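In case you want the letters, here they are:
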Amino acid sequence: MKFKDALYLTLASIGTGLLLGIFSILKSPFNAIASLIAVVLAIYYFRKNERKGLRVGYVIFSILYYLLFIFMLSVYQFYQLSPASA
């Protein structure tokens with residue numbers, strides 16, 4: 001794997017993971033836009049890279065970045081709602 005492939009894999013999977021996280025947070029009309037952008041990004045990535053390893057890595061890293069984004073958002077919301085300790 002070249003550096004360019006690894007960089008593109010990282011950026012595309014971060015983008016898709018964030019869009020999936022936004023999809024799960026937003027309300028009805030806006031989550032459709034986020035999911036549509038994520039699908040377009042995935043189709044573009046799959047057309048550009050035909051190697052099976054890069055495609056599997058894209059799916060795995062997208063899921064991991066989605067879970068990381070949701071976890072960080074949950075921690076942030078927890079600390080915003082918790083009372084301040086004196």
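Above this text you will find the structure in question.
Residues numbered from 1 in each chain as written. Predicted model: local features only at pLDDT ≥ 70, side-chain atom pairs only at ≥ 80, totals over all residues. Heavy atoms only, no water.

Undergrad: A description of the overall build of the protein chain should follow, citing residues and the corresponding values.
TA: Each helix and strand in the protein chain was counted, giving three helices and zero strands. Scanning the protein chain from its N terminus toward the C terminus, one meets helices and strands in the order α-α-α. Compactness check: the protein chain gives a C-alpha radius of gyration of 16 Å against a globular reference of 12 Å for 86 residues, more than 25% above the reference. Judged by the C-alpha coordinates and their principal axes, the protein chain covers about 55 × 30 × 15 Å. The long-range share in the protein chain, meaning contacts at least 24 apart out of those at least 6 apart in sequence, stands at 71%. (Helix = DSSP H or I, 4+ residues; strand = E, 2+ residues; numbered from the N terminus. Rg over C-alpha atoms; globule rule 2.2 N^0.38 Å. Contact = heavy atoms within 4.5 Å.)

Undergrad: Give a description of the environment of Ile63 that names residues and reports values.
TA: For Ile63, the position within the fold is in helix 3 (residues 52-81). Of the residues examined, Ile63 reaches a relative accessible area of 46% and is grouped as partly exposed. Between the C-alpha atom of Ile63 and that of Lys52, which follows or precedes it by 11 residues, the distance is 17 Å. (Buried < 20%, exposed > 50% of the residue type's maximum accessible area, 1.4 Å probe, protein only.)

Undergrad: Give me the lowdown on the environment of Glu50, citing residues and values where you can.
TA: Tracing the backbone shows Glu50 in the loop between helix 2 (28-48) and helix 3. Sequence spacing of Glu50 and Tyr66 is 16 residues, and the spatial spacing of their C-alpha atoms is 23 Å.

Undergrad: Account for the packing of aromatic side chains, with residues named and values stated.
TA: Overall, the coordinates contain five aromatic pairs when judged by the stated rule. Here the aromatic rings of Tyr45 and Tyr58 are separated by 4.5 Å at their centres, their planes lie at 20 degrees, and the arrangement is stacked. Of the two residues, Tyr45 is situated in helix 2 and Tyr58 in helix 3; the sequence distance between them amounts to 13 residues. Judged by its relative accessible area of 0%, Tyr45 is buried. On the basis of an interplanar angle of 70 degrees and a centroid distance of 5.7 Å, the ring pair of Phe46 and Tyr58 is categorised as edge-to-face. Linking Phe46 in helix 2 with Tyr58 in helix 3, this pair joins segments that are 12 residues apart in sequence. Site record: aromatic cluster; members linked through ring pairs are Tyr8, Tyr45, Phe46 and Tyr58. Here the basic side chain of Lys48 rests over the ring of Tyr8, its NZ or CZ set 4.9 Å away from the ring centre. (Phe/Tyr/Trp six-rings, centres within 6.5 Å; stacked < 30°, edge-to-face > 60°. Lys NZ or Arg CZ within 6 Å of the ring centre and 35° of its normal.)

Undergrad: Help me get a handle on the pattern of salt bridges, residues and values and all.
TA: Side chains that differ in sign of charge can pair as their charged atoms come close. Enumeration over the complete set of coordinates arrives at one salt bridge. Asp5 is paired through a salt bridge with Arg51; the nearest N and O atoms lie 3.6 Å apart. With Asp5 in helix 1 (residues 3-25) and Arg51 in the loop between helix 2 and helix 3, this pair connects stretches of sequence that are 46 residues apart. (Salt bridge = Lys/Arg side-chain N within 4 Å of Asp/Glu carboxyl O.)

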